[in-house]
Amino acid sequence: MTAVAAGLAAIAPHLSIFLVFSVLLGFTSVVAQIVVPFAAHLAPEAKRGRFVGQVMSGLLLGIMLARTVSSLLADLWGWRSVYVVSAVLMLIMAVVLATALPKRKPDHTDGYRSLMVSIGHLIRTEPALRRRAALQALMFATFSAFWTSIAYELINEHHLSQTQIAIFALVGAAGAAAAPVAGRLGDRGLGRPATGVVFALAAVAMAVAGLGSYNLVVLAIAGILLDPAVQGNLVLSQQEIYQLRPDARSRINTVFIGSVFVGGAVGSALSGLLYDHAGWAGVTTLGVALSIIGFGLWCGSELRRRRAATHVALSRSITETTTGR
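Within each chain, residue numbers correspond to sequence positions counted from 1 in written order. Where totals are concerned, whole chains, interfaces and linings use all residues; where local detail is concerned, this predicted model gives features only for residues with pLDDT of at least 70, and gives and counts side-chain atom pairs only at 80 or more. Side-chain measures here rest on the full set of heavy atoms in the structure, leaving out hydrogens and waters.

Student: Kindly report on unusual backbone geometry, identifying the contributing residues and their values.
Tutor: Unlike most non-glycine residues, His-159 shows phi in positive territory, near 55°. Note on conventions: DSSP H or I runs of at least 4 residues are helices, E runs of at least 2 residues are strands, and numbering of each starts at the N terminus. Relative to the assigned elements, His-159 resides in the loop between helix H7 (127-156) and helix H8 (162-169). For the exposure calls, accessible area comes from a 1.4 Å probe over protein chains only, and a residue counts as buried if that area is under 20% of its type's maximum, exposed if over 50%, partly exposed in between. Overall, His-159 belongs to the exposed group, its relative accessible area being 62%.

Student: An account of the packing of aromatic side chains is needed here, citing residue identities and associated values.
Tutor: Given two aromatic rings, their pairing is described by the distance between the two centres and the angle made by the two planes. Pairs were defined over the aromatic rings of Phe, Tyr and Trp, the Trp ring being its six-membered one, requiring ring centres within 6.5 Å. Orientation was assigned from the angle between planes: stacked under 30 degrees, edge-to-face over 60, tilted for the rest. Taken as a whole and assessed by the stated rule, the structure comprises eight aromatic pairs. Relative to Trp-280, the ring of Phe-146 has its centre 5.6 Å away and its plane inclined at 65°; by these criteria the two rings are edge-to-face. Of the two residues, Phe-146 is situated in helix H7 and Trp-280 in helix H12 (residues 249-324); the sequence distance between them amounts to 134 residues. For the pair Phe-146 and Trp-280, one class covers both residues: buried. Relative to Trp-298, the ring of Phe-295 lies with its centre 5.4 Å away and its plane at 40°, an arrangement referred to as tilted. On the criterion of helical spacing, the pair formed by Phe-295 and Trp-298 is a turn pair, its members being three residues apart in helix H12. For Phe-295, a relative accessible area of 32% translates into the label partly exposed. Among the aromatic residues, those joined into a ring-pair cluster are Phe-146, Trp-147, Phe-168 and Trp-280.

Student: Would you mind going over empty space enclosed by the protein in detail, with residue names and values included?
Tutor: Put plainly, a pocket is an open set of points on a 1 Å grid over the protein atoms alone with protein on both sides within 12 Å along at least five of seven lines, a cavity is a set where a 1.4 Å probe fits but cannot get out, and a lining residue has an atom within 4 Å of a point. Grid points are joined across faces, edges and corners, and a volume is the space filled by probe spheres set on the points. Per the stated rule, a full pass over the model turns up two cavities of 30 Å³ or more. Counting only elements with at least two residues in the lining of the largest cavity, the list comes to helix H4 (48-77), H7, helix H11 (216-241) and H12. Looking at which element gives the most residues to the lining of the largest cavity, the answer is H4, with five residues. Any residue that is not Ala, Val, Leu, Ile, Met, Phe, Trp, Tyr, Cys, Pro, Asp, Glu, Lys or Arg is counted as polar, Gly included; the first ten are nonpolar and the last four charged. Here the residues of the lining of the largest cavity are counted per class, giving twelve nonpolar, three polar and no charged. The set of elements that each furnish at least two residues to the lining of the second largest cavity consists of H7, helix H10 (191-211) and H12. Of the residues that constitute the lining of the second largest cavity, the class distribution is two nonpolar, two polar and four charged.

Student: Go over the layout of surface pockets, please, and point to the residues and values.
Tutor: As a volume, the second largest pocket reaches approximately 170 Å³. The set of elements that each furnish at least two residues to the lining of the second largest pocket consists of H7 and H12. Top element by residues in the lining of the second largest pocket is H7. It accounts for five residues.

So yeah, pure geometry; function would need other evidence.
Below, the structure written as structure tokens:
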């Protein structure tokens, strides 16, 4: 279906029809997110973070390189070529996945309607899922704000061509290496402190982008810093939430990824508005603010966790003392 939607978008005669097919393409392209919980299910528990990190590294590398490839294709053969090439690649992947992936029988027998209803129950009963979804939504909003408006900044202030923008976008591909590293940190029980580090890194990246906007090298450094933060937090989040309910990983992923893309859409929309009214400084200020909010949420969750741990330890000590008497 993704291949069909991309092919229809390529031949759309009018903008309104193109938008319809784009919506269809958006619905069907979520198949990439289905592979992640599937990989988590197949992976041994002790190495789940590493396996998820490897899959996410490939997925995120594709996202990063897509910006470069699409710009080059549009520059060479026009924007329709992007969708033609995408359709062909999706057809090839459909054949590969159909033959290579093992069959998996669900652990439940519930129907689609009851499964969708249960998503609300998961949101209500899993605070870690709510926390991780909110954190990654903020992180992806920061990421989207940067990459939505950076092209305008590169064109308006640095006078780059479409091909030069494509080359600049390659800086994001370097961040894909962060996914396996984040997965290993999660496996070692370092997911919580690493989460604080990546939000601090995102705030620094956006501050650097704002202060050094006059210099292409500085902007590239900001992109290199931002992408590992986004990808690292994504893998750390998935490594944690997939341990909550092994029987409901796909539904948990639905909540998580849905929240992430809502955050990305909001970040893109705000970025466009701010760039129009306040320029690149407005966009980077937004990114810093979102990152700081995320860091604050992380600090709050860590304080609550430590207070709870202290309360449990104190209660246990009192019980042992009383019992000893």
